[in-house]
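A closer look at the structure
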Amino acid sequence: MWQWNALGIINILTSILCAFLIVLLVVKNKKDRRTLSFCAFLFSIILHTLPFALSRMTSNDALAIMLFKICIVAAVMIVSTLIHFVYVVLNVHKEKKRTLLSIHLLNITFAYAATGPLYLNFEEKYGWGLWPNASPLVAAYLIWWIFQVVYCLYTLYDKGVRRARGQERNAYKQMLGALIVGFSGGSMTWFLWYDVPCPPYLNAGIGLFALWIGYAVFRHHLFNIEIIIKKTAIFTGLWFGSGCIVFVISILLAPFFSRLGIPTLVTTFLSFAIFIAIFRPLEYLLENVTNKWLFQKRINYEQLLATLGETLRKISELDPLCSILSQTMTEIINIKFFVLYVYSPENDDYRLKIDDLGELAIPLKFDAKDRLVTFITAHDDIQAYDFTDDQFVKDQLISLDAKVIIPLRSAQRLIGFALLGSKLSDQDYNLQDIQAFQSLQTSVTKAIENALAIEKLKQNQIDLAHKEKFATIGILAAGIKHEINNPLFVILGRTEMILRQSMLSKNIQWSREELIAYVEKQLQSIKFNADRIADIVERLSDFSRPLDAADMQVVNVESVIKDSIKLLGYDDEHMANIKIDISLDPALEVLGDHRMIMQIFFNLLNNAIHAMNFKGSITIDCLSNHRAHIRVKDTGIGVERKYLKRIFDPFFTTKDTTQGDKNAIKGTGLGLHLVYNYAKKMNGDIQVESTPNVGTTFTLILDTPHTRNQASA
């Protein structure tokens, strides 16, 4: 009734392998949703491959058709369970609940159709046994099937392979490759539905899928079921070894012992005694064999140090550094976890540096006075459960589900410590591990120390930036005061003069015309300075805006200097002993902002008058070059050479205008600072030369329209 063939055998072996994987996964973690969803996917493959294999091997036509119908129903559900698994892996199954339900309902509909409406009838095709003829509904289903498969594979690649890292990424890559091979092989069975003579042996791709997944489980630790496989292999080896010992001694040597008159019971006890004597050596041997040949568990610490060194050179921020260190150590050593606690001076505790705790039940922080922290501080050496006799350390490691503590000490204090979980291979830590950790201890400490230093530097820069902001506000406020006070004093002075003159006019006989002319002159000065204040306030709105090329205008230098002199606001009595000589070409023009240039000359002239104590001469001339070099020379007291480098700094001043009056206002140290900033904004420069007791020369350098024409040419 049953005829064995290669296609049937391959599919049966596929079913057995999938069933074996299901058992391992369920034993490892039967409560994990990801594991259970993958088991459902594997179970649907079993429901497809096993009936398919039996339908190819049976000679009973009715049984073959029934088995093939089960096979088709399972083929529909394979894709449905795969989509469910992908959504669970990506952790979107809850938010995609309605979409997932719709997909399942549609696939259930097609699964029902697979019991009859999906095909017309069965007939023998090309020597491959009974095969269905496709109904029109098959075309719709194939389009839907292909769409689901492509969508699942792309989603697993985009959201899984591309976003995962290290060991997890390798596992997803293996799974993706296995799925591509499996679905490519499974799709070949549809050709015979349309009488396309394509051999169904390509269906063996499903078997390759199962083998590939098995390889990923063993080699790349897919779903982390390594311990179960290892213990199963060791357990099997021990039973096989005990069976061999009992067989050899009790069966093969029994006749020899009986001729010597030794009872059978003694022979049996002897075989068990021998087995007990070699049990531990045999267990160690099997463990080493499985680690070396099955899991390749020999850790390459040189690779670890090289990888870690490369990582430490690239990362300087504390949180990413700790995260990548944790991931690198976990993957290369293949341990349950590697976490770092780093000291927080603000809170005086050690805080866990990890993004996602997952299933780890460890504290988020340790107080600096915690007994464990105190112990680690007092002991600089690495503490390992398998190498310490200190019961306190053992108890603490057990409570943390950890195996090793690595202190991280800088020159000043304990900056942190690392906790290592147990190995996934269930091996104990050995002396080679501890020696390697001692080298890692130095590297990790330096890395964290550097990251903390950079973090502190960044915080200092932030604090400095805040201080600079407040300083800027102070400069701005002082600058407003400096610029507004001058015209305001003029306004107040002129107003006071009008009031005084109004009172004097009662005792002095002034004509109406003379009084009106006098008042008009003072009001014009008041209006001019009030407009100047309004202009200053207007410029505050775009104080930080750089001067654009579009804002640059052609400014007549002589005209703007005369306007600046008017702004000084000194009466004739103060200006009686001051001579201002303007030796400029009346047609001289520069490129800039009229208001800024006027402010520059106002400050330069005002400083010169104060430096001369209202007695001396000021000369304004220009040296022609490809740019205009406008010089303002005075015969004042000059500036000492040691102060020249600081003369444009904000708040620096050598000027004293108090005239011995303690209540008078000294220089603010902002006038020349504003001059410097205005010159730079107009793409110019300001230079100073000074000789004590001889005088000072300021040179304002600005572009001319001729300069701009040469540049554009």
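Residues numbered from 1 in each chain as written. Predicted model: local features only at pLDDT ≥ 70, side-chain atom pairs only at ≥ 80, totals over all residues. Heavy atoms only, no water.

**Points about the overall build of the protein chain**
Convention followed: Each helix is a run of H or I in the DSSP string that is no shorter than four residues. Each strand is a run of E no shorter than two, and both are numbered from the N terminus. Each residue is placed in one exposure class: buried if its accessible area under a 1.4 Å probe, protein chains only, is under 20% of its type's maximum, exposed if it is over 50%, and partly exposed if it falls in between. A contact between two residues is defined here by any heavy atoms of the two lying within 4.5 Å. Method for areas: the Shrake-Rupley scheme with a 1.4 Å probe, in which residue coverage is limited to the protein chains shown.
The helix and strand tally for the protein chain stands at 21 helices and 15 strands. Counting only residues that meet the buried cut, the protein chain has 45% of its 713 residues in that class. The long-range fraction of contacts in the protein chain, counting pairs at least 24 apart against all pairs at least 6 apart in sequence, stands at 69%. Entry remark: accessible area of the protein chain is about 38,700 Å², with carbon and sulfur atoms responsible for 59%.

**Remarks on unusual backbone geometry**
Look at N683: it is not a glycine, yet its phi comes out positive at around 60 degrees. Residue position: N683 is located in the loop between helix 20 (671-681) and strand 14 (685-691). What makes N683 exposed here is its relative accessible area of 51%. Here N693, not a glycine, exhibits a phi torsion of approximately 65 degrees, which is positive. Following the sequence through the fold, N693 ends up in the loop between strand 14 and strand 15 (695-702).

**Looking at the pairing of strand 14**
Using the following cut-off: A pair of strands is treated as paired once DSSP finds two or more bridges between them.
Burial of strand 14 is one-sided: the residues I686, V688 and S690 facing one way are buried, the residues D685, Q687, E689 and T691 facing the other way are not. Pairing between strand 14 and strand 15: seven bridges, direction antiparallel. Across the sheet, T691 pairs through a bridge with G695, a residue of strand 15. In this antiparallel pair of consecutive strands, strand 14 and strand 15, the connection spans three residues, and N693 shows a positive phi of 65 degrees.

**Observations regarding the packing of aromatic side chains**
Put simply, the rule is: Stacked, tilted and edge-to-face are the three classes applied to pairs of Phe, Tyr and Trp rings, where Trp contributes its six-membered ring and a pair requires centres within 6.5 Å; stacked means planes under 30 degrees apart, edge-to-face means over 60, and tilted covers the rest. Working rule: Lys NZ or Arg CZ, within 6 Å of ring centre, within 35 degrees of ring normal, means a charge sits over the ring.
Following the criterion strictly, the structure yields 23 aromatic pairs and no others. A network of ring pairs unites the aromatic residues F110, Y141, W145, F183, W190 and W193 as a single cluster. Of note, K394 hangs over the ring of Y385, and the distance from its end group to the ring centre comes to 4.1 Å. Positioned over the ring face of Y343 is R413, at 3.7 Å from the centre of the ring.

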